[in-house]
There are 2 protein chains.
Amino acid sequence: MQRCTGGPVNTDMINLSIDQVYDLSVDVLSRNGFSAPHTAAIAQTITAGQRDDCQSHGLYRLIVCVRTLQTGLVDPAALPVVTHPTPAVVQVDAQRAYSLLAFQEGLPHLAEKAKKNGIAVLAINNCFHFSALWPEVEAIAALGLAGIAMTPSHSWVAPAGGTRPVFGTNPLAFAWPRPGAFPYVFDFATSMVARGEIELHRRTGKPIPEGWAIDKYGQPTTDAAAGMDGAMTTFGSYKGSALSTMIELLAGPLIGDWTSMQSQAYDAGAGATPLHGELLIALDPQLLGRGMLTANTAAAEAMLDAISGQGARLPSERRFKARAKSEQEGVWVSRALYDEVRKLGKSDNL
Amino acid sequence: MQRCTGGPVNTDMINLSIDQVYDLSVDVLSRNGFSAPHTAAIAQTITAGQRDDCQSHGLYRLIVCVRTLQTGLVDPAALPVVTHPTPAVVQVDAQRAYSLLAFQEGLPHLAEKAKKNGIAVLAINNCFHFSALWPEVEAIAALGLAGIAMTPSHSWVAPAGGTRPVFGTNPLAFAWPRPGAFPYVFDFATSMVARGEIELHRRTGKPIPEGWAIDKYGQPTTDAAAGMDGAMTTFGSYKGSALSTMIELLAGPLIGDWTSMQSQAYDAGAGATPLHGELLIALDPQLLGRGMLTANTAAAEAMLDAISGQGARLPSERRFKARAKSEQEGVWVSRALYDEVRKLGKSDNL
């Protein structure tokens, strides 16, 4: 379910420490023109993705970042502008830069407001967005708060019962703080699968399972290229479609930002990363819990233990195992990817 | 998708005006011991359900209300206690009465707080809960706000990959105000189907489709009774299961209230309506929309029109059509149900 894909380990892999992944990311991003604050924020997220064995959100993303920068659409240096419309809302205008620095700037305000009001909103506007949402909701949970995050993307996904794309892959992420443990975290696309999954099938010439996509005539297809040319489907039929509609509205028009259709129209075929907003909500278990935090936490733990105790998987378990392993042994990256990324940095000193 | 089931129209149906439905509900509830404020709040919601042709949330619910009252668990007269933990949170303790009066008391505070802070929470605690959530999010949208509502229930639903029940049917509802039209509204169970659907198959001896439930040994079953004795499944596999977990946490421990497991344990086989909390969140498009309400509304309308314009259904369309029809022609109820309900009121004056 996690929007990250573990890579196969083969003989042509090389081992890097987590610090080396970060340093390589910093090198590539800064040499390609990202300012120091953006470089640090992006490198941190890419390192977290690689550390958790989310190959599609790890070093591979440097290639996408640099490619999108080359379209001339993304501002590599704009500083986020923070405003405070209300005591419970912080709004950060990313000024057409990537979203990550804006999140970093907004997070302390979000936490402070949630701890004062019980609930608060961080609305990020006007950002190019390529990253998974789990690092952000995990950062909220690390401050003792429950966190929700959602974004639109480009309009690639048809509503249930329809034939033409309206929604983005519209991810929804949630984290809940657990005492002495990793938080409970999920981060899933409301499309049936991630767009990268279909792209991967297209590249390797493999058919996609029925139900993932429809062609441009609205017919079910197992041809990956026809599916990318047509529309992806939502998970969970009408319910997933409804959830995706909610995300369009809340992370779009509600916060004065674009729907996936608007982001797609602006892109006009450039194939860049989507430009839109992001909505984050933080909730404080201390202020909302009627003075019973210890009992409430115990009830939450009993419920989560009832899931894992019967052998059902909690959503981020695979990532957390990979994280523990990476912290011991470093990460494994294919030599081909490593060479391609290093070339982007035009650097031989790593 | 809507958690309501339209009834078949046959020759043994009788026609009632909407006012007659309300009056009949008031009669039954008050004669069975509900106080005047609870009677009015419950009758209003039951009338809305019948008006929208949600038979399972219409007059039929009077039977369930009276049956649950007879268990001695529900308080028919307790007055909700409203507190204000923060400027963005209103908490209403229903004092073991039904939830609807608590919602009615909390709504104006929720709206006021959302319109001051951009976002606000209404947490209802300690309530018996039998009603659909769409009337509540519709009431929030009618005030120009986006509304989200969620509740646990009894632990009837197994997590994806598991074999034993942990979650309730955990509905999630959302409404978005639309200019000059019904709001965009959904209200769905995170279980694959409503529990009533399986119960209906059990009563009529029909097999249930594979995928709806597992038996008490954790095996897939098409036997409705075995499924009710085992566990229901979540919609959308791991994603639906994650969403259901979020609802347990946010509408339970976060607000100092019970999980579905705790509600089930308290019920101890009585078969009463679940006792737990409810979380509602309201968001203000005016305060969050960066001063561009007109453009934002137009973008939302364009997205919604792109769904319905291609012939895909918006979630509550069937209900809204039924509402318009009922307002013209009244509602149709089976004579058997009408007689059963009237008997509960021990009244011949309708």
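Look up a bit, the structure's there.
Our subject in this report is the structure included herewith. (Residues numbered from 1 in each chain as written. Chains lettered and ligands numbered in written order. Predicted model: local features only at pLDDT ≥ 70, side-chain atom pairs only at ≥ 80, totals over all residues. Heavy atoms only, no water.)

Remarks on the overall build of chain A
Just so we agree on the cut-off: Under the scheme used here, helices are H or I runs from DSSP no shorter than 4 residues and strands are E runs no shorter than 2 residues, and both carry numbers assigned from the N terminus. Atoms counted for the radius of gyration: C-alpha only. Globule rule: 2.2 Å times residue count to the power 0.38. Contacts between residues were defined by any pair of non-hydrogen atoms, one from each residue, lying within 4.5 Å. To be clear on the numbers: accessible area is Shrake-Rupley with a 1.4 Å probe, and residue cover counts the displayed protein chains and nothing else. In summary, the charge assignment counts Lys and Arg as positive and Asp and Glu as negative, without counting His or the chain termini. Charge positions are represented by NZ for Lys, CZ for Arg, CG for Asp and CD for Glu.
A count of helical and extended segments in chain A gives 13 helices and eleven strands. Against the 2.2 N^0.38 benchmark of 20 Å for 350 residues, chain A shows a C-alpha radius of gyration of 20 Å, consistent with a compact globule. The principal-axis extent of the C-alpha atoms belonging to chain A is close to 55 × 55 × 45 Å. Across chain A, contacts joining residues at least 24 apart in sequence account for 69% of those joining residues at least 6 apart. Here chain A displays about 12800 Å² of accessible surface, and carbon together with sulfur accounts for 54% of that area. Of the charged side chains in chain A, 28 are positive and 32 negative; the average position of the first set lies 2 Å away from that of the second.

Focus: the sheet that holds strand β4 (residues 119-128) of chain B
Sheet strands pair by backbone hydrogen bonding; their relative direction is either parallel or antiparallel. Residue and element names in this part refer to chain B. What counts is decided by this rule: The criterion for strand pairing is that DSSP finds at least two bridges linking the strands in question. As a rule, the C-alpha atoms of each element are fitted with a line to give its axis, helices using only the stretch in contact, and angles between N-to-C directions run from 0 to 180 degrees.
Reading across the sheet, the seven strands line up as β2-β3-β4-β10-β5-β6-β7 and stay open at both edges, with mixed pairing between neighbours. One side of each edge strand has no neighbouring strand; the edge strands of this open sheet are β2 (81-86) and β7 (184-189). Each strand axis lies, on average, 15° off the axis of its neighbour in the sheet, ignoring direction. Direction of pairing for strand β5 (residues 146-150) relative to strand β6 (residues 171-176): antiparallel, over a ladder of four bridges.

Topic: unusual backbone geometry
In terms of backbone geometry, most residues other than glycine have negative phi values and most peptide bonds are trans. Residues and elements named next belong to chain B. To keep it simple, the criterion reads: Residue burial is assigned from relative accessible area. The probe radius is 1.4 Å, only protein chains are included, and a residue is buried under 20% of its type maximum, exposed over 50%, and partly exposed in between.
In the Ramachandran plot, aspartate 53 falls in the positive-phi region, its phi being about 60° despite a non-glycine side chain. Within the secondary structure layout, aspartate 53 lies in the loop between α2 (36-51) and α3 (60-70). The class for aspartate 53 is partly exposed, based on a relative accessible area of 23%.

Some details on the interface of chain A and chain B
Selection criterion: The quantity reported as buried area is the accessible area (1.4 Å probe) lost by two parts once they are put together, taken as the sum for both. The salt bridge definition used is simple: a Lys or Arg side-chain nitrogen within 4 Å of an Asp or Glu carboxyl oxygen. The term polar contact refers here to a pair of N or O atoms within 3.5 Å; inside protein, the definition further demands a hydrogen-donor-capable atom paired with an acceptor-capable atom, and it admits residues adjacent in sequence only when both atoms are side-chain atoms. In this classification, the charged set is Asp, Glu, Lys and Arg, the nonpolar set is Ala, Val, Leu, Ile, Met, Phe, Trp, Tyr, Cys and Pro, and all remaining amino acids, among them Gly, are polar.
Counting residues at the interface gives 77 residues for chain A, matched by 77 residues for chain B. Surface buried jointly by chain A and chain B totals about 5900 Å² across both partners, of which 74% is contributed by carbon and sulfur atoms. Ranking the residues of chain A by area buried against chain B places Lys239(A), Leu254(A) and Gln310(A) at the top, with a combined share of 13%. Seen at the junction of chain A and chain B, the total is two salt bridges. Here Asp93(B) makes a salt bridge to Arg290(A), at a shortest N to O gap of 3.6 Å. At the junction of chain A and chain B, the tally comes to 20 residue pairs in polar contact (both at pLDDT 80 or more). Sort the elements by how many residues they give to the side of chain A that touches chain B and helix α8 (residues 237-250) of chain A lands first, with ten residues. A breakdown of the residues in the side of chain A that touches chain B according to their chemical character gives 48 nonpolar, 20 polar and nine charged.

Some remarks on the sheet that holds strand β7 (residues 184-189) of chain A
All names here are of chain A. Sheet architecture is open: seven strands sit in the order β2-β3-β4-β10-β5-β6-β7, paired in mixed fashion. Bordering the open sheet on either side are β2 (81-86) and β7, each of which pairs with just one other strand. Geometrically, the sheet is characterised by an average inter-axis angle of 15° between neighbouring strands, direction not taken into account. The pairing of strand β6 (residues 171-176) with β7 spans six bridges and is classified as antiparallel. Paired with proline 171 across the two strands is alanine 189, which belongs to β7.

Examining the side chain of Thr86(A)
Residues and elements named next belong to chain A. Structurally, threonine 86 can be placed in strand β2. Given the relative accessible area of 5%, threonine 86 is considered buried. From its side chain, threonine 86 meets the backbone nitrogen of alanine 88 in a polar contact 3.0 Å long.

Details of the relation of the copies chain A and chain B
Selection rule: We superpose the copies by least squares over the C-alpha atoms of residues that have a pLDDT of at least 70 in both of them.
Overlaying chain A on chain B yields an RMSD of 0.0 Å, the required transformation being a rotation through 180° with an accompanying axial translation of 0.0 Å. Each copy turns onto its partner about a two-fold axis. No C-alpha of chain A approaches the rotation axis more nearly than that of Gly236(A), which lies at 2.1 Å. Interface overlap between copies is the fraction of interface residues in one copy that are interface residues in the other; for chain A against chain B it reaches 100%, indicating a shared surface.

Thoughts on helix α6 (residues 195-204) of chain B
The periodicity of an α-helix, 3.6 residues per turn, causes residues three or four places apart in sequence to face the same way. All names here are of chain B. Heads up, the rule is: The arc refers to the directions leading from the helix axis to the C-beta atoms.
Buried residues of α6: Arg195, Ile198, Glu199 and His201, and no others. In a view along the axis of α6, the buried residues occupy a sector of 160°, so they form one face of it. Turned more than 90 degrees away from the buried face of α6, the exposed residues are Arg203 and Thr204. Contacts made by the buried residues of α6 are with β8 (213-214), α7 (224-229) and β9 (231-232).

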